[in-house]
Amino acid sequence: MDLGLAKTFPIVEDKVNLKFRCDAFNAFNHPVFSTPSAMNNLDITETAGTFGQITSTSSTARVLQGALRLEF
């Protein structure tokens, strides 16, 4: 879930505005698990230890960013 919040502050009426924006990517920091490992060949002894296990995530941690923009 990504979230964004923005606010515009008028500095000079109808001429100059200051915009503030804050974004959060993966806001709740939920992991996205990668697919389970599979058996790539017929020799089961090599992959028997990790077959069907999820060993990593495919997402990044929470990222926050902020921006200020002066419009004239």
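Bear in mind the structure is a predicted one, so any value in this text is a computation, not a measurement.

Scoring rules and cut-offs
Residues numbered from 1 in each chain as written. Predicted model: local features only at pLDDT ≥ 70, side-chain atom pairs only at ≥ 80, totals over all residues. Heavy atoms only, no water. Salt bridge = Lys/Arg side-chain N within 4 Å of Asp/Glu carboxyl O. Helix = DSSP H or I, 4+ residues; strand = E, 2+ residues; numbered from the N terminus. Buried < 20%, exposed > 50% of the residue type's maximum accessible area, 1.4 Å probe, protein only. Pairing = 2+ DSSP bridges. Axes fitted to C-alpha atoms, helices over the stretch in contact; angles between N-to-C directions. Contact = heavy atoms within 4.5 Å.

(A) Quick peek at the pattern of salt bridges. In total, this model carries three salt bridges according to the counting rule given. Linking glutamate 71 and lysine 19 is a salt bridge whose minimum nitrogen-to-oxygen distance equals 3.7 Å. In this pair, glutamate 71 sits in strand β3 (residues 63-71) while lysine 19 sits in strand β2 (residues 16-25), placing the two residues 52 residues apart along the sequence. Lysine 19 gets classed as partly exposed once you look at its relative accessible area, which sits at 33%. The shortest N-O distance in the salt bridge between glutamate 71 and arginine 69 comes to 3.2 Å.

(B) Representation of the sheet that holds β2 within the structure. One open sheet holds the three strands; their spatial order is β1-β2-β3, and the pairing between them is antiparallel. The two strands at the open ends of the sheet, each matched to only one other strand, are β1 (3-12) and β3. Averaged over neighbouring strand pairs, the angle between their axes works out to 10 degrees when direction is ignored. Two elements, β2 and β3, share nine bridges in a ladder whose sense is antiparallel. Of the residues in β3, the one forming a bridge with asparagine 17 is glutamate 71.

(C) Examining the environment of glutamine 53 more closely. Along the polypeptide, glutamine 53 turns up in the loop between α1 (44-47) and β3. For glutamine 53, a relative accessible area of 40% gives the class partly exposed. Along the primary structure glutamine 53 and threonine 35 are separated by 18 residues, whereas in three dimensions their C-alpha atoms are 8.5 Å apart. Those residues in contact with glutamine 53 that lie beyond four places of it in its chain are Pro36 and Ser37.

(D) Geometry of the side chain of aspartate 23. With respect to the helices, strands and loops of the structure, aspartate 23 is situated in strand β2. Those residues in contact with aspartate 23 that sit more than four places away from it in its chain are Leu3, Gly4, Val63, Leu64 and Gln65.

(E) Fine view of the side chain of asparagine 26. Mapped onto the fold, asparagine 26 is located in the loop between β2 and α1. Ignoring anything within four residues of it in the chain, the contact list for asparagine 26 reads Met1, Asp2, Ser59, Thr60, Ala61 and Arg62.

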